[in-house]
Amino acid sequence: MMRRIFAIAGAELRIALRNRWILIATSLMVLFSLALTFSGSAPTGALGVDLLTVSVASMTTLSVYLVPLLALLMSFDAIAGEVERGALALVLTYPVSRGELLVGKLVSHLVVLSLAVFLGFGIAGLAAWLAGGASGESLAALLRLCWSAVVLGASFLAIGYALSSVARSSSAAAGLAIGVWILFVVLYDLGLLGALVYDGGGFFTRKLFPLLLAANPADAFRIFNLSGAGKVALASGLAGATTGLPTWAVLISMFGWPLAVLALARLALKRVEP
Amino acid sequence: MAAAAESKGDMLDVRNVVKRQGTRETVKDVSLSLRAGERLALLGHNGAGKTTLIRMILGLTRIDGGSISVFGNRPGDGKARRITSYLPESVVFHKSLSGLEQLALFARLAGQPVDECMPLLERVGLSDAAHRRVGTYSKGMRQRLGLAQVLLGRPRLALLDEPTSGLDPISRHDFYGIVDDMAAQGTAVLVSSHALTELEARTDRIAILRAGRLVAMDSLENLRRRAGLPIQIRVKAAEGHAAEVAGSLGGNRMNGCRVELSCLADQKMARLKAITALGDAVADVDVVPPSLEDLYRYYAAGEAGS
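Residues numbered from 1 in each chain as written. Chains lettered and ligands numbered in written order. Predicted model: local features only at pLDDT ≥ 70, side-chain atom pairs only at ≥ 80, totals over all residues.

1. With respect to the overall build of chain A
Per the secondary structure count, chain A includes 13 helices and zero strands. Element order for chain A, N to C, with α for helix and β for strand: α-α-α-α-α-α-α-α-α-α-α-α-α. Over its C-alpha trace chain A gives a radius of gyration of 20 Å, about what one expects of a compact globule, namely 19 Å for 274 residues. Across its three principal axes, chain A shows a C-alpha extent of roughly 65 × 45 × 30 Å. Taking the intrachain contacts of chain A between residues at least 6 apart in sequence as the baseline, contacts between residues at least 24 apart amount to 83%. (Helix = DSSP H or I, 4+ residues; strand = E, 2+ residues; numbered from the N terminus. Rg over C-alpha atoms; globule rule 2.2 N^0.38 Å. Contact = placed C-beta atoms within 7 Å.)

2. Considering the overall build of chain B
Counting secondary structure elements, chain B contains 10 helices and 13 strands. Seen along its three principal axes, the alpha-carbon backbone of chain B occupies a region of about 75 × 45 × 35 Å. Expressed as a percentage of its 306 residues, the buried residues of chain B come to 41%. (Buried ≥ 20, exposed ≤ 12 C-beta atoms within 10 Å, placed from the backbone.)

3. Overview of the interface of chain B and chain A
At the junction of the two partners, chain B supplies 22 residues and chain A supplies 20 residues. Broken down by secondary-structure element, the contributors of at least two residues to the side of chain B that touches chain A are helix 2 (78-83), strand 5 (84-87) and helix 3 (99-110) of chain B. Broken down by element, the side of chain B that touches chain A gets its largest block of residues, six residues, from helix 3 of chain B. Among the residues making up the side of chain B that touches chain A, the classes are represented as 11 nonpolar, seven polar and four charged. (Nonpolar A, V, L, I, M, F, W, Y, C, P; charged D, E, K, R; others polar.)

4. Side note on the packing of helix 4 (residues 51-75) of chain A against helix 7 (residues 98-132) of chain A
Residue and element names in this part refer to chain A. Two elements in contact, helix 4 and helix 7, have axes separated by 11 Å at closest approach and are oriented at 160°. As summarised for this structure, helix 4 and helix 7 are arranged roughly antiparallel, according to the angle between their axes. Here the hand of the crossing between helix 4 and helix 7 comes out right-handed. Every residue of helix 7 that contacts helix 4 at Leu51, Leu52, Ser55, Met59, Leu70, Ala71, Met74 and Ser75 is listed here: His109, Val112, Leu113, Ala116, Phe121, Ala124, Gly125, Ala128, Trp129, Ala131 and Gly132. Of the residues contributing to the contact of helix 4 with helix 7, the split by class is 14 nonpolar, five polar and no charged. (Axes fitted to C-alpha atoms, helices over the stretch in contact; angles between N-to-C directions. Parallel < 35°, antiparallel > 145°, perpendicular 65-115°, else oblique. Left-handed = near helix turned anticlockwise from the far one by under 90°.)

5. Quick notes on the domain arrangement of chain B
When cut into domains, chain B gives domain 1 (10-225) and domain 2 (230-289). Taken over C-alpha atoms, the centre of domain 1 of chain B sits 45 Å from the centre of domain 2 of chain B. (Domains from an automatic or database assignment.)

6. Comments concerning the sheet that holds strand 7 (residues 188-193) of chain B
All names here are of chain B. Here six strands make up an open sheet; going across it, the order is 5-6-7-3-8-9 and the pairing mixed. The outermost strands of the open sheet, each flanked by one partner alone, are strand 5 and strand 9 (213-218). Geometrically, the sheet is characterised by an average inter-axis angle of 15° between neighbouring strands, direction not taken into account. On the sheet, helix 10 (residues 292-300) packs against strand 3 (39-43), strand 8 (205-210) and strand 9 and is oriented at approximately 45° with respect to strand 8. (Pairing = 2+ DSSP bridges.)

7. Side note on unusual backbone geometry
Residues and elements named next belong to chain B. Although it is not a glycine, Asp29 sits at a positive phi angle of roughly 50°. Here Asp29 is to be found in strand 2 (residues 24-35). A positive phi angle, near 50°, is found at Phe71, a position not held by glycine.

8. Brief notes about helix 8 (residues 242-249) of chain B
Residue and element names in this part refer to chain B. Taken together, the buried positions of helix 8 are Ala242, Val245, Ala246 and Leu249. Taken around the axis of helix 8, the buried residues stretch over an arc of 95°, which confines them to a single face. Seen from the open side of helix 8, the exposed residues pointing more than 90 degrees away from its buried face are Ala243 and Gly247. For helix 8, the elements touching its buried residues are strand 10 (231-237), strand 11 (252-253), strand 12 (258-263), helix 9 (268-276) and strand 13 (282-288). With its phi angle positive at about 80°, Gly250 sits one or two positions after the end of helix 8. (Arc of directions from axis to C-beta.)

9. Describing helix 9 (residues 170-199) of chain A
Residue and element names in this part refer to chain A. Taking 1.5 Å per residue as the helical rise, helix 9 with its 30 residues ought to reach 44 Å, and the 41 Å between its terminal C-alpha atoms agrees with that figure. In the structure, helix 9 departs most strongly from a straight axis at Leu183, where the bend amounts to approximately 45°. Every buried residue belonging to helix 9 is among Ala173, Leu176, Ala177, Trp181, Phe184 and Val185, and all of these are buried. Looking at the buried positions of helix 9, the neighbouring elements they touch are helix 4, helix 5 (80-85), helix 8 (136-166) and helix 11 (217-226). Backbone geometry just downstream of helix 9 places Gly200 in the positive-phi region, at approximately 60°. (Expected span 1.5 Å × (residues − 1). Bend = angle between axes of the 7 residues up to and from the residue.)

10. Some details on the pairing of strand 9 of chain B
All names here are of chain B. The sheet contact formed by strand 8 and strand 9 spans five bridges and is antiparallel. Within strand 9, the position partnered with Ile208 by the bridge is Ala216. As consecutive antiparallel partners, strand 8 and strand 9 are separated by two residues, and within that stretch Ala211 has a phi angle of approximately 45°, a positive value.

11. Focus on the environment of Leu142 of chain A
Secondary-structure assignment places Leu142 of chain A in helix 8. Those residues within four positions of Leu142 of chain A in sequence are excluded, and the remaining contacts are Leu52, Val56, Phe121 and Gly125 of chain A.

12. Some details on the sheet that holds strand 12 of chain B
By definition, the strands of a sheet pair up through backbone hydrogen bonds, in either a parallel or an antiparallel sense. Residues and elements named next belong to chain B. Ordered by their spatial adjacency, four strands build an open sheet running 11-12-10-13, and the pairing between neighbours is antiparallel. Every other strand in the sheet has two partners, leaving strand 11 and strand 13 as the edge strands with one partner each. In the sheet, strand 10 pairs with strand 13 via six bridges, with the strands oriented antiparallel. Bridging from a neighbouring strand, Ile233 pairs with Val287 of strand 13.

13. Some thoughts on the packing of helix 7 of chain A against helix 13 (residues 247-270) of chain A
Residues and elements named next belong to chain A. Two numbers describe how helix 7 lies on helix 13: the axes approach to 10 Å, and their chain directions differ by 130°. The angle between the axes of helix 7 and helix 13 places the two elements in the oblique class. Crossing angle aside, the handedness with which helix 7 passes helix 13 is right-handed. Each of Arg98, Gly99 and Leu102 in helix 7 lies in contact with helix 13, whose residues at this interface are Ala265, Arg266, Leu269 and Lys270. When the residues that make up the contact of helix 7 with helix 13 are grouped by side-chain class, the tally is three nonpolar, one polar and three charged.

14. With respect to the nonpolar core
Judged by nonpolar contacts, the single largest core of 157 residues is most densely connected at Ile57, Leu103 and Ala207 of chain B. The element contributing the most residues to this core is helix 8 of chain A, with 15 residues. Counting residues in each nonpolar core, the second largest holds nine residues, with Ile233, Ala242, Val245 and Leu261 of chain B among its members. (Core = buried A, V, L, I, M, F, W, Y, C linked by C-beta atoms within 7 Å.)

15. Things to note about the environment of Val245 of chain B
Residues and elements named next belong to chain B. Summarising the element assignment, Val245 is placed in helix 8. For the pair formed by Val245 and Arg258, sequence separation is 13 residues and the distance between their alpha carbons is 9.1 Å. Discounting chain neighbours no more than four positions away, the residues touching Val245 are Val235, Ala237, Val259, Leu278, Ala281 and Val282.

In structure tokens form, the structure reads like this:
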């Protein structure tokens, strides 16, 4: 089983390397992270935190948009594209299960994503450290940002595979992926915001809102990074919004999403006639 | 007919298989079997159900009636997949991988040693292009790469869907050479095609699908006999004897010295006797059996009174 998973992951990695996907994803992360680190360096003095702390706060906000987008771009074509090319039919005549195929692709895409995230945030973090100093606490926050961004990516990779299995064509899968991205990182928050304003501090605001926020993997990621470390929370101003939300709820959302959606993608893939 | 699937050596046994797409039956009550080492040509126009039948045998698409057994295994289960190989009609490999890398991926998925790959690429004439990306390959080269993956691990059943459609005549010839070698090693080979050519005719049996129904399955000789298509006899009269020859034999006088006759197979000898009886008035005789094209058209167009 492992041999087949690694065979698929290896081939996919090679393809990602030759398609310049690794290069594009990594340089995108490096550029955006560097830009945010230095454009967002103003509040350090006022808040009494080092530059890396501010940088982590900015990069968290960046990741909420960019990581799901990268993940969906990598995964939307994974099944539908292969069905269209007729490649899935041929591969499935080999003794490889659909689950192995899915996991193989996931492994390779996670490697690409990890490279982009660790290199991007690492380089920006290093630059912030050199320019404005860092502390043990801010370095820990950076590390936490990196691995949680990969977990966030895993959620959206799995969503991408599920969409790719359900869609009739590669272009339909692309459309669905964009829709999902807008829903999760833009519309969801807007909806919650609207409800908050309407509710005006009632039951919804106190009890339901924090849980609903945590239910979205992108928001769970944001909360995990911004309210987790005290100083990052200070730098981001999110400290007040999520009081009363237990950490376990955030963690369940962060790790539950990729696992649950991957299972869903596996079911959807089972129904695909290549 | 001797096609009944009684013998134990059947690699493939398809019985009364039905496939529905919506309310339409695209494969209707098809039965066929294939023994180890046998070559079967599956002929039919586009849309006759060849690809659907192959996909059902591979377990890629559901069977709506009847049953298929691949050496005693259900189509698409682990054992069946291990002993079956497949060449799709249009092979679209990933552009960014080299031919060797693509084949090595298949070898790993099949549980075969990767060092089997290079000799296979040599076998199909791709050794020079082994390290080039598939994106730079011509259609014929991609088809050869597809054939190389069919040969991986010596399958016991090979299903080749329109394998020669993009190949030039010489490549076709090489291709059927490889098919013969596979059959000689005991692989049961099913080759689908939309035309009956000299090469397809070299297979052991020919099955013809029309609108989802199997209208004929037999050896070429028997198909010829059953079709009862007329034989053409072309007689060349000696100088000045054309009128005499045409008059005594009947038939159409084509030009100054040629007469064309047609007759059924069982009248052939009688006709030839009549011709030789004319002695020196006849300069030459050609006997032309019904062409493969005629035969194919006969069965595929539904003139067979079934």
